[in-house]
Amino acid sequence: MMKSEAFHHSAGAVVVVNARCLVIRRGETWAFPKGHLVLAERPEQAAVREVREETGLEIHVLEDLGHTRYRFGRRLNQRKHVDWFLGEVIGGQLRLEPAFSEAVLLDEVGAAAVLSHGEDRELARRALRLARLRGIGQRPPPATIRFGSTTMELDH
């Protein structure tokens, strides 16, 4: 008997703020904002929408960062393909979806220590290096960003 497999197409973004990447926590897992594409949605659109839904932040997609693929589920019968993008905050205020309990901004060393999955650690390294080379995310966003009980007042 063949076990059935399901395929999930998702998109997400490594959001860079002040040369750090935004990482969110769901349960014990630290990751980047991401989620499923909806009907007729392009991956870039899904990444922008998922960041907004999960974090309250508005972003602009700047670069394609490639994709990751993995299997999950009890019998590993779920396959997921995630298209990743480099994003820069253009507005909004951090308001996490109830499923998420915390958000942090991490440099490359912090991301390597905190992110739960190896592919995400490599993605953070590539995104932050690309952001530095291109001068992306080096300026504060045009908003106040609140992280838990801490508010970062960022100059315009």
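It should be noted that the structure appears before, not after, this text.
Observations regarding the nonpolar core
For soluble globular proteins, nonpolar side chains are generally found buried alongside one another.
Alright, step 1. Val14, Cys21, Val23, Phe32, Leu65 and Leu86 are the most contacted members of the largest nonpolar core, which totals 20 residues.
Alright, step 2. Those elements that provide at least two residues to this core are strand E1 (6-17), strand E2 (20-26), strand E6 (78-92) and helix H3 (118-134).
Alright, step 3. For this core, the element with the highest residue contribution is H3, accounting for 6 residues.
Alright, step 4. Among all residues touching Leu65, those that are not within four sequence positions of it are Val14, Trp84, Phe85, Leu86, Leu123, Arg126, Ala127 and Leu130.
Alright, step 5. Membership of the second largest hydrophobic core comes to 18 residues, among which are Leu22, Val51, Phe85 and Leu105.

Digging into the pattern of salt bridges
Alright, step 1. Overall, the coordinates contain 11 salt bridges when judged by the stated rule.
Alright, step 2. Between Arg42 and Glu44 there is a salt bridge whose closest N-O contact spans 3.9 Å.
Alright, step 3. Taking relative accessible area as the criterion, Glu44 reaches 31% and is therefore assigned partly exposed.

Some points on the packing of aromatic side chains
Alright, step 1. All told, the structure shown has 1 aromatic pair when counted by the stated rule.
Alright, step 2. Between the aromatic rings of Phe32 and Trp84, the centroid separation amounts to 5.9 Å while the plane-to-plane angle is 75 degrees, which identifies the pairing as edge-to-face. One end of the pair, Phe32, is in the loop between strand E3 (29-31) and strand E4 (34-36); the other, Trp84, is in strand E6, with 52 residues separating them in the sequence.
Alright, step 3. The class for Phe32 is buried, based on a relative accessible area of 2%.

Considerations on H3
Alright, step 1. The end-to-end C-alpha distance of H3, which contains 17 residues, comes to 24 Å, matching closely the 24 Å that a straight helix rising 1.5 Å per residue would cover.
Alright, step 2. Along H3, the positions that sit buried rather than exposed are Asp120, Leu123, Ala124, Ala127, Leu128, Leu130 and Ala131. Relative to the axis of H3, the buried residues are bounded by an arc of 165 degrees and lie together on one face.
Alright, step 3. A positive phi of about 70 degrees marks Gly135, the residue just after H3.

The rules behind the values
Residues numbered from 1 in each chain as written. Predicted model: local features only at pLDDT ≥ 70, side-chain atom pairs only at ≥ 80, totals over all residues. Heavy atoms only, no water. Core = buried A, V, L, I, M, F, W, Y, C linked by side-chain atoms within 4.5 Å. Buried < 20%, exposed > 50% of the residue type's maximum accessible area, 1.4 Å probe, protein only. Helix = DSSP H or I, 4+ residues; strand = E, 2+ residues; numbered from the N terminus. Contact = heavy atoms within 4.5 Å. Salt bridge = Lys/Arg side-chain N within 4 Å of Asp/Glu carboxyl O. Phe/Tyr/Trp six-rings, centres within 6.5 Å; stacked < 30°, edge-to-face > 60°. Expected span 1.5 Å × (residues − 1). Arc of directions from axis to C-beta.

In short, the description is geometric, and any link to function would need to be established separately.
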